[in-house]
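Descriptive structure summary
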Amino acid sequence: MTTSQLLAVDLVLSVLSAGAWITAVWLTLSSIRSTTNRKVSTSRAVGLGVLVVGVAVALTMARYALLPALVAGSWWFASERTTINVPLTAIPAAWAALAGVPYLLRRRNTGSPTDGTTPARPGRENTARSREWAVLALVAAAASAVASLALTFILGPFPAPWSLAVLLALMALMVLLAKLALFMPRRLTRTGSGGGSDVAPGPADRTSGALPWGRRPTAAAAVAGLMACTALGSGAFAWLGSRSADGAVIAAAVGHHEGGNAGSVADPMPVTSLLGESPANPVVRRYELTARVEQVTLPSGQRTEAWTFGSLPGPALEATLGEVMEVELKNRDVAAGVTLHWHGYDVPNAMDGVAGATQDAVMPGQSMTYRFTAAQAGTYWYHTHQDSAEGVRKGLYGTFVVHDPTASRAGTDIVVAGHDLSGLGLLGSSDRTSLYPASLGSSVRMRLINTDSLPQRYLVEGTSFRAVAVDGTEVNQPGEVSGKLVRLGAGGRVDIAFTMTDQPVTLRSDSASSAVVVVAPSGSPDITVPGKAAPGIFNTTPVLDLLDYGEPRGGPGLEEATITREEVVVLDRQFRFVDGIPRYAFTVNGAAYPLVPSIDVALGDTVKMTVVNRTADPHPMHPHGHHVRVLSRNGVAPTGSPLVLDTVDVLPGEVWELLLHADNPGIWMDHCHNLDHAAEGMMMLLKYQGVSSPFVHGGHSGNRPE
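Fair warning: this is a prediction, and the values are worked out from it, not measured in the lab. Going along each chain's sequence as written, the residues are numbered from 1 onward. At least 70 in pLDDT is required for a residue's local features to be given in this predicted model, at least 80 for side-chain atom pairs to be given and counted, and no such filter applies to totals for whole chains, interfaces and linings, which use all residues. The side-chain figures draw on all heavy atoms in the structure; neither hydrogens nor water molecules are used.

What follows covers helix 3 (residues 79–110). Strands here mean DSSP runs of E at least two residues long; helices mean DSSP runs of H or I at least four residues long; both are numbered from the N terminus. In a helix, the anticipated span is given by 1.5 Å times the number of residues less one. With 32 residues, helix 3 extends 45 Å between its outermost C-alpha atoms, agreeing within 8% with the 46 Å of an ideal straight helix rising 1.5 Å per residue. One axis is fitted to the seven residues ending at the residue and one to the seven starting there. The bend at that residue is the angle between these axes. Maximum bend of helix 3: about 45°, positioned at Asn85, with proline Pro87 one to four residues after it.

This is the structure:
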């Protein structure tokens, strides 16, 4: 079984275990309250209770049996399950088995009534004590099983000490409530000729049985009220925490642990001053982009509302290495506001385009100019980073390609941005067939960009191909590929290249079933291709694994890199307040943005990052302003070309080790590029020592990066 499947099994076992312990408590109480007229039903209830307790113990033990397999995937799949959950559930479960099972077996064998109507007899006090301990032990086991679910769904892998204290307190109060409600000595009312009077119970009364339903002592009600107040108070505290960062500025990082080069900085540098350097007398590429709301009609005739930069995708931006990009962004009427973020491009921090971190959102009627040097060749894209989950989905994106003048250019260079627009799958600007001519024997380069929030798989038919670049970085000695899909996580890019033959070449995506890109020899007669891919082909065709593709590159190895610090990033799901709204959030290290602790670095640090995905969804993690080199995936190092990425698609149950060199000062987002996940909490900051931001998240600014 995969690690993701093991996590799913553990979750199912935890739910079943909690249900079994609760059922055992109910059956035991039912048998205690039965009367002499229900001996047969009592015997059945007791027998069923013994069986359910056995099942509950087996389910609890089964969870422990999974731990070695989870630890084999990574300690972080089993961290709190081992250090917190095992003692949390094992002790009450052992108590319940040792106290509950013997009592239930005696109850089944003797069948003695315990409803409080039987006169006292020798040994009855011991029986009552045994009954009380059995019930309280089962209640404790049930409470611990429910607490285990709370550990998974609420506390997460890095629970705060106060939250653990609250959890343990609620468990103890639950047992105390059962004690007070079921086994408190009760006062008896004796009625005689002179009227009734309350008297204290005698020994027989004190041990006569559980308190009748409906007669709750004041003490029990007080404990129940205390439990409710504790739970509500914890929820209110969490809600206030989720609102504490609203309208607050991002503080500067002034140091970090584990050595490093950091120290305190009295006068932090604002991100607005991090503009980068411009070459003398540069060639300037000037573009103007205007964000607008409009109705668009696709080649299929489908018509939908979109937010665009004037076209779908937005205008194609190009530059040559060494030139200066100058892009003026105007907002005509997008009420949510817009920015421009250069996905995968390591721009100076002031130009990163993140609302609330490096700028304020550009609101209707406003404008902003972005200027930076084109210092990286390759395939990239741009999109809004204000309310981006909605803005990108509706069309605020475009392509950005930088050419290397020293490298040979393909005869035909095609940029294909895959996108889902309101359920309409696009390849480039079309939801139908796009035809490109290419000279026979010429080179063709297709730049594939996933501008969506979900993974895409691409199928090339009609020729073999080479994957020549990944996330803008050239692949070393790429080999010929045929019969394999190219998988792109959200935000990722792969450039493929092939030589044009006398047959048409088609490109399809599983996210755009009706769209197809056709490259045909120039001068060919009318080309006819199937409108859709063969049924099931995306499910049966293997996927190209980039970790063993290409050849290793000579030169200094990774072992020569001096790691100055290490970070663990655990991706998970817990119930959290996000902007004051309760959600089943996507969390980073147990918290939802903006409460996720930042990674604080100093210029020159080399950071080893371990990214662990404990959810059932893929998470394409995207650190702004930096690329990372892959050290390993699930403990296996790459055997092909060095894999340098700006968007790392971490699948369920996977563990990636990455190397990041801190060489671009600023305050940078690092988030899941499934933008809905980011909007629900899966974001964090990479902050350099001594850098601050004057911009605020939320509040009156209206800045909402996701």
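Here the narrative resumes.
A cis amide bond, omega -15°, links Leu312 with the succeeding residue Pro313. In this fold, Pro313 is placed in the loop between strand 5 (303–308) and strand 6 (314–320). A positive phi angle, close to 50°, is found at Gln477, a residue other than glycine. Relative to the elements of secondary structure, Gln477 occurs in the loop between strand 18 (473–474) and strand 19 (486–488). The phi torsion at Asn634 lies on the positive side, around 55°, for a residue other than glycine. The topology assignment puts Asn634 in the loop between strand 28 (628–633) and strand 29 (644–645). Note on exposure labels: buried denotes an accessible area under 20% of the residue type's maximum, exposed denotes more than 50%, and partly exposed covers the range between, all computed with a 1.4 Å probe on protein chains only. Residue class for Asn634 comes out partly exposed when judged on its relative accessible area of 43%.

Within the secondary structure layout, Leu226 lies in helix 7 (residues 218–244). In this structure, the C-alpha to C-alpha distance between Leu226 and Leu173, residues 53 residues apart in sequence, is 8.3 Å.

With that out of the way, let us pick up the sheet that holds strand 17 (residues 466–470). The strand order across the open sheet built from 6 strands is 13-12-15-20-17-18, with neighbouring strands paired in mixed fashion. Pairing within the sheet leaves two strands with one partner each, and these edge strands are strand 13 (424–427) and strand 18. Inspection of the sheet shows strand 12 (residues 412–421) paired to strand 15 (residues 443–450) by 7 bridges, in the parallel sense. The residue bridging Thr412 from the neighbouring strand is Val444, located in strand 15. Between any two strands, pairing holds if DSSP finds at least two bridges.

This part covers a nonpolar patch on the surface. Patch membership needs two things, relative accessible area over 30% and no salt bridge, and members are linked within 9 Å if like-charged or within 5 Å if nonpolar (Val, Leu, Ile, Met, Phe, Trp, Tyr). In these tables, accessible area is a Shrake-Rupley quantity obtained with a 1.4 Å probe, and a residue counts as shielded only by the protein chains included in the view. Criterion for a salt bridge: a side-chain nitrogen of Lys or Arg within 4 Å of a carboxyl oxygen of Asp or Glu. Taken together, the side chains of Leu48, Leu51 and Val55 define a hydrophobic patch exposed on the protein surface, amounting to about 260 Å² of accessible area. Assignment of secondary structure puts Val55 in helix 2 (residues 39–73).

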